[in-house]
Amino acid sequence: MALKRRQFMHWHDLRTAVQEKWGKNKHKFHMRLLLLLNQTSSIDEYTSKFDTLRHQILLADPHTSEVFFVERYIAGLRPEIRTAVILHQPEDVDTASCLALLQEVELDNDKADSSSKSSH
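So, here is what we can say about the structure in this document. (Residues numbered from 1 in each chain as written. Predicted model: local features only at pLDDT ≥ 70, side-chain atom pairs only at ≥ 80, totals over all residues. Heavy atoms only, no water.)

Quick notes on the packing of aromatic side chains
- Evaluation of the coordinates by the stated rule reveals five aromatic pairs.
- Measuring from ring centre to ring centre gives 6.4 Å for F50 and F69, while their planes differ by 85°; the resulting arrangement is edge-to-face. Of this pair, F50 sits in helix α3 (residues 43–60) while F69 sits in helix α4 (residues 66–75), and the two are 19 residues apart along the sequence. Each member of the pair, F50 together with F69, is buried. (Phe/Tyr/Trp six-rings, centres within 6.5 Å; stacked < 30°, edge-to-face > 60°. Helix = DSSP H or I, 4+ residues; strand = E, 2+ residues; numbered from the N terminus. Buried < 20%, exposed > 50% of the residue type's maximum accessible area, 1.4 Å probe, protein only.)

What follows is the structure, given as structure tokens:
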């Protein structure tokens, strides 16, 4: 029976049907992509890619630990951002991403200040 024609009474049934339709054999693939993901541009872009993979992993295994996601998120950050985030010991990815954004802004401000001082 096609997924779009079925009626679901419970969230678990819908999640199971979606996983059966699109999630088969993709859990390991998404996990591998997440483990290889590193920040190469802005925090926003990195976080967006990370969240997409995280949600795909959670679809296949809703019991994946938040501690795992937090540690993996932090490990993928650029070193100058990672250090500041680690010091705060965030308990969830949302907090870690907010801290990373704040650090990114501070680094950008420091670069702007250095540029203006050197031009004077």
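Structure shown, so let's carry the discussion forward.
Examining the environment of E45
- Structurally, E45 is set in helix α3.
- Polar contacts involving the side chain of E45 include one to the side chain of S41, which spans 3.0 Å. (Polar contact = N/O pair within 3.5 Å; in protein donor to acceptor, adjacent residues only side chain to side chain.)

Regarding the packing of helix α2 (residues 27–36) against α4
- Their axes nearest at 9 Å, the elements α2 and α4 cross at an angle of 45°. In terms of their interaxial angle, α2 and α4 are classed as oblique. Here α2 contributes M31, L34, L35 and L36 to the contact with α4, which in turn contributes F68, F69 and R72.
- Broken down by class, the residue content of the contact of α2 with α4 amounts to six nonpolar, no polar and one charged. (Axes fitted to C-alpha atoms, helices over the stretch in contact; angles between N-to-C directions. Parallel < 35°, antiparallel > 145°, perpendicular 65-115°, else oblique. Contact = heavy atoms within 4.5 Å. Nonpolar A, V, L, I, M, F, W, Y, C, P; charged D, E, K, R; others polar.)

Considering the nonpolar core
- Membership of the largest hydrophobic core comes to 20 residues, with the highest contact counts inside it found for F50, Y73, L77, I81, V85 and A100.
- Listed by contribution, the elements that provide at least two residues to this core are α2, α3, α4, α5 (79–88) and α6 (93–119).
- Apart from the residues within four sequence positions on either side, A100 is in contact with I43, Y73, L77, I81 and V85. (Core = buried A, V, L, I, M, F, W, Y, C linked by side-chain atoms within 4.5 Å.)

Some details on α5
- Of the residues making up α5, those classed as buried are I81, A84 and V85. Down the axis of α5, the buried set is contained in an arc of 95°. They therefore lie on one face. For α5, the exposed residues set more than 90 degrees away from the buried face come down to P79, T83 and L87.
- Phi for Q89, located one or two positions after α5, is positive at around 45°. (Arc of directions from axis to C-beta.)

What about the packing of α3 against α4?
- Two elements in contact, α3 and α4, have axes separated by 11 Å at closest approach and are oriented at 150°. When the interaxial angle is binned, α3 and α4 end up roughly antiparallel. The handedness of the crossing between α3 and α4 comes out as right-handed. Here I43, Y46, T47, F50, R54, I57 and L58 of α3 come into contact with α4, specifically with E66, F69, R72 and Y73.
- Partitioning the contact of α3 with α4 into residue classes produces seven nonpolar, one polar and three charged. (Left-handed = near helix turned anticlockwise from the far one by under 90°.)

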